Amino acid sequence: NGRTYLQLKQGKAARIYFEKALSIAPEFSRAPEAILGLARAAELCGEPEEARAAYRRLLEFATPDRVRVRKELRGLQREAEEALARLEDSAAGRS
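(A) Representation of the packing of aromatic side chains. Applying the stated criterion across every chain yields a total of 1 aromatic pair. Arranged with centres 5.7 Å apart and planes meeting at 85 degrees, the rings of tyrosine 17 and phenylalanine 18 form a pair that is edge-to-face. Against the face of phenylalanine 61 rests arginine 66, its NZ or CZ located 4.0 Å from the ring centre.

What follows is the structure, given as C-alpha cells:
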C-alpha cells in the first residue's frame, strides 16, 4: 500500500497509490490519511509545490465539524500545519 511505498522511500509509487485511492473515493473514511500520504510522497519526489497543495487540501478537509466528529483528524491537521510551515520557511530561504 501507499504507506509501505513511503517507508521504502518510493515517492512516485506512493503518489500513484494515493492519487488512485482519492480519485476512486475522495470522501472515504481514510481520505485524510491518503491526502497526507500524497503530500509526503510529493516531498520525497522533490516537489514542494505539490506537497504544499496536498497539505492545504488536508487542512481544507479537516473542517471544525469533521475534527469534532473524528478526533484523529486533529493530529493529522497539526502535522499538516507543521509540514506546511516548514515548506514555506524552506521556500523563503529560512531553513
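(B) Region of interest: the nonpolar core. Ranked by internal contacts, the top residues of the largest apolar core, which has 25 residues, are Phe18, Leu22, Tyr55 and Leu58. The set of elements that each furnish at least two residues to this core consists of helix H2 (11-24), helix H3 (31-44), helix H4 (48-61) and helix H6 (72-91). In terms of residue count, the dominant contributor to this core is H3 (8 residues). Contact partners of phenylalanine 18, with chain neighbours within four places excluded, come to Gly2, Arg3, Leu6, Ala34, Gly37 and Leu38.

(C) The packing of H4 against H6, seen in detail. Interaxial distance between H4 and H6 falls to 9 Å at its minimum, and their mutual angle equals 150 degrees. Considering their axes alone, H4 and H6 lie roughly antiparallel with respect to each other. Of the two possible hands of crossing, H4 and H6 adopt the one that is left-handed. Of H6, the residues touching H4 (which contributes Pro48, Ala51, Arg52, Tyr55, Arg56, Leu58, Leu59 and Phe61) are Leu73, Leu76, Gln77, Ala80, Glu81, Ala83, Leu84, Arg86, Leu87, Glu88 and Ala91. Residues belonging to the contact of H4 with H6 are distributed by class as follows: 13 nonpolar, 1 polar and 5 charged.

What counts and what doesn't
Numbering of residues begins from 1 in every chain and follows the order in which that chain's sequence is written. Per-residue local features of the predicted model are confined to residues with pLDDT of at least 70, and side-chain atom pairs are confined, for both listing and counting, to 80 or more; whole-chain, interface and lining totals are unaffected and use all residues. To obtain the side-chain values, all non-hydrogen atoms of the structure were used and water was disregarded. Stacked, tilted and edge-to-face are the three classes applied to pairs of Phe, Tyr and Trp rings, where Trp contributes its six-membered ring and a pair requires centres within 6.5 Å; stacked means planes under 30 degrees apart, edge-to-face means over 60, and tilted covers the rest. As a reminder, the over-ring test applies to NZ of lysine and CZ of arginine, requiring each to be within 6 Å of the ring centre and within 35 degrees of the ring normal. By convention a nonpolar core is built from buried Ala, Val, Leu, Ile, Met, Phe, Trp, Tyr and Cys residues, the set being connected through side-chain atoms within 4.5 Å. Under the scheme applied here, a residue whose accessible area is under 20% of the maximum for its type counts as buried, over 50% as exposed, and between as partly exposed, the area being computed with a 1.4 Å probe on protein chains only. To qualify as a helix, a DSSP run of H or I must reach at least 4 residues; to qualify as a strand, a run of E must reach at least 2; elements of each kind are numbered from the N terminus. Throughout, a residue-residue contact means that at least one pair of heavy atoms, one from each residue, lies within 4.5 Å. The convention used is that axes are lines fitted to C-alpha atoms, helices contributing only their stretch in contact, and that angles between N-to-C directions extend from 0 to 180 degrees. Should an angle lie under 35 degrees it is considered roughly parallel, over 145 roughly antiparallel, and from 65 to 115 roughly perpendicular; all remaining angles are considered oblique. Note on convention: near helix rotated counterclockwise from far helix by under a right angle means a left-handed crossing. Clockwise means right-handed. Any residue that is not Ala, Val, Leu, Ile, Met, Phe, Trp, Tyr, Cys, Pro, Asp, Glu, Lys or Arg is counted as polar, Gly included; the first ten are nonpolar and the last four charged.

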